Amino acid sequence: MASFNTRSHAHMAAPLAIVLAAGKSTRMKSALPKVVHPLFGRPMVEYVFDAARAAGVERLVVVVGHRAEEVQAILAHHKDVEFALQTEQKGTGHAVKMCLPALQTHQGPVLILSGDTPLLKVDSLKKLLAAQGAGAAAVIGTARTQANEGLGRIVRSPEGEFLRIVEERDATPAEKRIQEINTGCYAFDGQKLASALERLQPTNAQGEYYLTDAPALLKADRELVIAADCFDIEEAMGVNTRVQLAEVAQVIKDRTDRHLMAEGVTIVDPRLVSIDPQAKIAADVVIEPFVVIRGAVEIGPNSHIGPHAVLEGPLTLPAGSIVKPFEHLPSR
């Protein structure tokens with residue numbers, strides 16, 4: 001395990017993110033740990049890193065458990081990533097408890113994110129951090145959805161103040177109708193989180209430590225705990241199956257295609273191409289159907305990519321390039 005080193009106090013003000021990545025791939029039916037399943041050639045957890053970094057995070061603590069060495073090896077090249085080992089799977093609260101050594105050297109906000117939510121948006125994380133920065137000990141990120149089955153409901157007072165999170169199995173019929181749900185994304189004051197984690201108890205039949213008990217403990221301390229509706233339900237969608245992996249890939253593909261077209265790229269039929277989100281394509285490039293663009297491919301302006309062409313990055317094509325139909329350009 002990477003050792004936790006004490007950084008200078010000044011450095012500490014930037015947010016730290018704890019990324020939960022210890023789970024098995026049970027429903028993926030895979031030997032590969034879930035968070036490193038590839039999405040456009042990159043482990044899905046890296047999309048979570050991207051969003052966290054763009055929101056201002058400078059240290060990432062990844063909680064590993066299932067096949068920990070494999071996950072660490074795949075992610076070892078990230079200089080801002082440290083690892084915390086959860087040897088037994090005893091709930092989300094227990095997973096975050098494994099990060100206490102990192103928290104003890106951190107003055108500032110802490111984001112808690114799931115490694116299987118690659119659709120997280122930077123703006124949502126910034127809103128979550130802003131809500132915490134306004135003086136809250138804990139902020140629970142929420143989303144609204146009619147498809148709330150199986151999700152923790154957010155119970156508020158008549159005035160709209162956050163009261164508690166109710167899990168589905170404990171919810172009354174009225175609570176089950178609540179459409180505001182817990183996304184599993186949180187922002188905490190780091191020191192207050194550490195204090196709550198040290199007091200977490202396994203209060204259930206499974207002997208698990210629930211992270212949702214941490215905001216409840218802080219609320220009991222008379223600390224400000226709020227629920228901020230700053231996510232859309234799509235972002236909070238965790239990937240547990242191959243079907244969900246494909247659905248998430250489709251969302252990323254749509255976002256990529258729309259962005260490129262907004263920037264002046266002609267994609268003749270977006271349904272019939274696969275363009276990597278890492279690709280950089282200039283204005284007035286035309287992309288014909290059945291083109292596959294993988295990895296860091298850069299295409300200069302006024303280029304034409306013929307049908308059925310395959311381009312593999314890293315690869316740079318100068319302005320005015322013409323790629324013939326069925327041509328395969330390997331990385332170079």
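No experiment lies behind these values; they were computed from the predicted model shown. (Residues numbered from 1 in each chain as written. Predicted model: local features only at pLDDT ≥ 70, side-chain atom pairs only at ≥ 80, totals over all residues. Heavy atoms only, no water.)

(A) Region of the structure containing the overall build of the chain. When helices and strands are tallied, the chain shows nine helices and 22 strands. Taken over the C-alpha trace, the chain has a radius of gyration of 22 Å; the compact-globule value for 332 residues is 20 Å, and the two agree within 12%. Counting only C-alpha atoms, the chain reaches 65 × 45 × 40 Å along its principal axes. The long-range share in the chain, meaning contacts at least 24 apart out of those at least 6 apart in sequence, stands at 55%. With the model as given, the accessible surface of the chain reaches about 15300 Å², and the carbon-plus-sulfur share is 53%. In the chain, 35 side chains carry a positive charge and 39 a negative one; their mean positions are 2 Å apart. (Helix = DSSP H or I, 4+ residues; strand = E, 2+ residues; numbered from the N terminus. Rg over C-alpha atoms; globule rule 2.2 N^0.38 Å. Contact = heavy atoms within 4.5 Å. Areas by Shrake-Rupley, 256 points an atom, 1.4 Å probe, with all protein chains shown as cover. Lys, Arg positive; Asp, Glu negative; His and termini not counted. Charge placed at Lys NZ, Arg CZ, Asp CG, Glu CD.)

(B) Inspection of the pairing of strand E4 (residues 59-64) at higher detail. Among the six residues in E4, six count as buried, and that is most of the element. Where burial is concerned, the two faces of E4 agree: the one with Arg59, Val61 and Val63 and the one with Leu60, Val62 and Val64 are both buried. With five bridges connecting them, E4 and strand E5 (residues 81-85) associate as parallel partners. In the sheet register, Val64 faces E5, and the bridge partner there is Leu85. (Buried < 20%, exposed > 50% of the residue type's maximum accessible area, 1.4 Å probe, protein only. Pairing = 2+ DSSP bridges.)

(C) Inspection of helix H9 (residues 242-262) at higher detail. For H9, which comprises 21 residues, the first-to-last C-alpha distance of 30 Å matches the rise-based estimate of 30 Å (1.5 Å per residue) to within 8%. Buried within H9 are the following residues: Gln244, Leu245, Val248, Val251, Ile252, Lys253, Thr256, Asp257 and Leu260. Looking at the packing, one finds that the buried side of H9 touches strand E2 (38-39), helix H1 (44-54), strand E12 (266-267), strand E13 (274-275) and strand E14 (280-281). Phi turns positive one or two residues past the end of H9, at Gly264, with a value near 105°. (Expected span 1.5 Å × (residues − 1).)

(D) Main features of the sheet that holds strand E16 (residues 292-294). In spatial order, the strands read E13-E16-E19-E22; together these four strands make up an open sheet with parallel pairing. Both edges of this open sheet fall to E13 and strand E22 (328-329), since each of them pairs with a single strand only. Pairing of strand E19 (residues 310-312) with E22 involves two bridges; the strand directions are parallel. Bridge pairing in E22 links Val310 to His328.

(E) Broad picture of the environment of Pro158. Checked against the element boundaries, Pro158 lands in the loop between strand E8 (153-156) and strand E9 (162-166). What makes Pro158 exposed here is its relative accessible area of 83%. On a C-alpha basis, the gap between Pro158 and Ile322 in space is 63 Å, while along the polypeptide they are 164 residues apart.

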